[in-house]
Amino acid sequence: MNVNEIVGLKQQALDEARTAADAAALEAVRIKWLGRSGQLPAIMKGLGALAPDVRREAGRAANELKNELTALLDERKTAFESAGARAATASFDATLPGRWRASGSLHPITQVIERATAIFRTMGFTVASGPDIETVFNNFTALNTPASHPSRSPSDTFYLQDDLILRTQTSPVQIRVMLNQQPPIRIIAPGRCYRRDTTDATHSANFHQIEGLYVDRKVSLADLKGDVSHFAKQMMGPDVKVRFRPHFFPFTEPSVEYDFSCHVCGGQGCRVCKQSGWIEISGAGLVNPRVFEQVGIDPNEWQGYAFGMGVERIAMILFGIGDIRHLYENDVRFLAQLA
Ligand code: DAH
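Computed from a predicted structure; not experimentally measured.

## Focus: the overall build of the protein chain
Each helix and strand in the protein chain was counted, giving 12 helices and 9 strands. In terms of overall dimensions, the protein chain is more spread out than a globule: its C-alpha atoms have a radius of gyration of 38 Å, far above the 20 Å expected for 339 residues. With the C-alpha coordinates of the protein chain rotated into their principal frame, the extents come out at 110 × 50 × 40 Å. Sorting the 339 residues of the protein chain into buried and exposed places 41% on the buried side. In the protein chain, of all internal contacts separated by at least 6 residues, the share reaching a separation of at least 24 is 65%. Surface accessibility of the protein chain: about 18,600 Å² in total, with carbon and sulfur atoms responsible for 52%. Each charge class in the protein chain can be summarised by its mean position, and for the 37 positive and 37 negative side chains these summaries are 3 Å apart.

What follows is the structure, given as C-alpha cells:
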C-alpha cells in the first residue's frame, strides 16, 4: 500500500460520507471505515510492513483520512439531528391542552409587608433594618426600659448570652437608625420578633412587626393620628376607622394603643373581633425624650412619633384568618387560597 492508494481511499470514504442519505446510512459508512474491523485499522496494520521513509508519509495520509472523515461524519450527523428536531416541531399540535404547572405565590406575611412598605414609601418613609440577634442595650436599655421590667426576664425573652437576645420587638431598629443618622428621620422597619410565648390561636413565639419612626421639628400626636389613619385606609379600605387609647410604653410619652375597626364585620361585632367591632393593631406614641438622650439627639430641638404594628394581626383581619398557626404551617392548600 502506498501513499497514493491511501489518498484514493480517502476520496472514496469522503464521497460515501457525503452521499449517505440518512443517519443510518451515515453510521454504516462510519463502521465500514472507522469501525474496529473497518478499513482504517487494516490500513494502519499494513503500515508496519513499509520501509521507514515511505511509512512516515503513508502514516500521515492515513491520519488525514481519519481526521477528515471523522469531521465530515460529525457535521452531517448534527445536520440530520437538527433536521429531525425541525420535523418534530412542524408536527406541533396547537390544539392540544397545555401542560399545567403549579406556580408559587408570596406568603401572606410577605404580601402584607410588601403592601405596607409600598404605602409608607408614598408617605416618604424609607426602609431600615436590623438583625434578629440584638443587644440588651438596643432592645431594652436605650428604649428606656427599666432594669426591673418583666419583659427583660428570661421567661419572656430568649437570651443567647448575658447581653445578646433574640429581639422581642422591632423597636431596637429605631435606636440603630438614630445612632447613625441625624434628624429628620422617616423610616419603617419590618422584621421578625421573638418572645417566649406559648403558641395558641393568637400567639406565636416568632412573629413580625413593622416599626415606624418619624423625627423632625414640631412633630405632634396629630401627625401620628393622621399618618396611621391614612395608612389604615390605604391598607384596609376607605371605610376603616382608627381608634387611639391611652397606654404606657417606656419609649414613648404619651403612649397609645390603636385599633382598626373590624375588617370582617365592618365594626358590627363578630367572632374575629370578639364582638367589640375593633381589632388591636399595636402601640405608638411620641418618642420619649429619654430615648433621644440615649442616642444623642437634642429633645429640645427634635420631636418624633413611633409606632409598631403586628403584621400577623393585619394579615389575619385582611384575609379573615382565624388562627395564627395557619400562617406558619405552610400547608399549600391554605396558602394557595391567599395567593
Ligand atoms: N414595641 C412595642 C411592642 O412590641 C410596640 C410599640 C409601641 C412600638 C409603641 C413603638 C411604639 O414604636 O412607639 O409591643
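## Side note on the nonpolar core
By size, the foremost hydrophobic cluster in this structure holds 46 residues, and its most contacted members are Phe 231, Met 235, Tyr 258, Phe 260, Phe 307 and Met 309. Secondary-structure elements contributing two or more residues to this core are α5 (108–122), β5 (206–216), α8 (221–236), β7 (252–261), β8 (278–287), β9 (303–310), α10 (311–319) and α12 (332–335).

## Section: the sheet that holds β8
Overall, mixed pairing links the 7 strands, which are arranged β1-β4-β5-β9-β8-β7-β6 in an open sheet. Every other strand in the sheet has two partners, leaving β1 (126–127) and β6 (242–249) as the edge strands with one partner each. The pairing of β7 with β8 spans 8 bridges and is classified as antiparallel. The residue of β8 that forms the bridge with Glu 257 is Gly 283. Set on the sheet, helix α7 (residues 172–180) makes contact with β4 (185–194), β5 and β9; between it and β5 the angle comes to about 35°.

## Digging into the site of the ligand
In the vicinity of the ligand, 16 residues are found, and the nearest of them are Gln 169, Ser 171, Arg 195, Gln 209 and Glu 211. One of the side-chain nitrogen or oxygen atoms of Gln 209 is found 2.8 Å away from an oxygen atom of the ligand. At a separation of 3.3 Å, an oxygen atom of the ligand approaches a polar backbone atom of Phe 307. The protein chains hide 92% of the 360 Å² of surface that the ligand would expose on its own. Elements represented by at least two residues in the shell around the ligand include exactly β5, β8 and β9. No other element matches the 4 residues that β8 contributes to the shell around the ligand. Looking at side-chain class alone, the shell around the ligand contains 5 nonpolar, 9 polar and 2 charged residues.

## As for the pairing of β7
Most of β7 sits out of view: 8 of its 10 residues are buried. Examined bridge by bridge, β6 and β7 share 7 bridges and lie antiparallel to one another. The partner of Val 242 across the bridge, within β7, is Phe 260. Hairpin connection between β6 and β7: a loop of 2 residues separates the two successive antiparallel strands.

## Details of the domain arrangement of the protein chain
For the protein chain, the assigned domains are domain 1 (3–90) and domain 2 (108–336). Here the C-alpha centroids of domain 1 and domain 2 sit 77 Å apart.

Cut-offs and rules
- Residues numbered from 1 in each chain as written.
- Predicted model: local features only at pLDDT ≥ 70, side-chain atom pairs only at ≥ 80, totals over all residues.
- Heavy atoms only, no water.
- Helix = DSSP H or I, 4+ residues; strand = E, 2+ residues; numbered from the N terminus.
- Rg over C-alpha atoms; globule rule 2.2 N^0.38 Å.
- Buried < 20%, exposed > 50% of the residue type's maximum accessible area, 1.4 Å probe, protein only.
- Contact = heavy atoms within 4.5 Å.
- Areas by Shrake-Rupley, 256 points an atom, 1.4 Å probe, with all protein chains shown as cover.
- Lys, Arg positive; Asp, Glu negative; His and termini not counted.
- Charge placed at Lys NZ, Arg CZ, Asp CG, Glu CD.
- Core = buried A, V, L, I, M, F, W, Y, C linked by side-chain atoms within 4.5 Å.
- Pairing = 2+ DSSP bridges.
- Axes fitted to C-alpha atoms, helices over the stretch in contact; angles between N-to-C directions.
- Near = heavy atom within 4 Å.
- Polar contact = N/O pair within 3.5 Å; in protein donor to acceptor, adjacent residues only side chain to side chain.
- Nonpolar A, V, L, I, M, F, W, Y, C, P; charged D, E, K, R; others polar.
- Domains from an automatic or database assignment.

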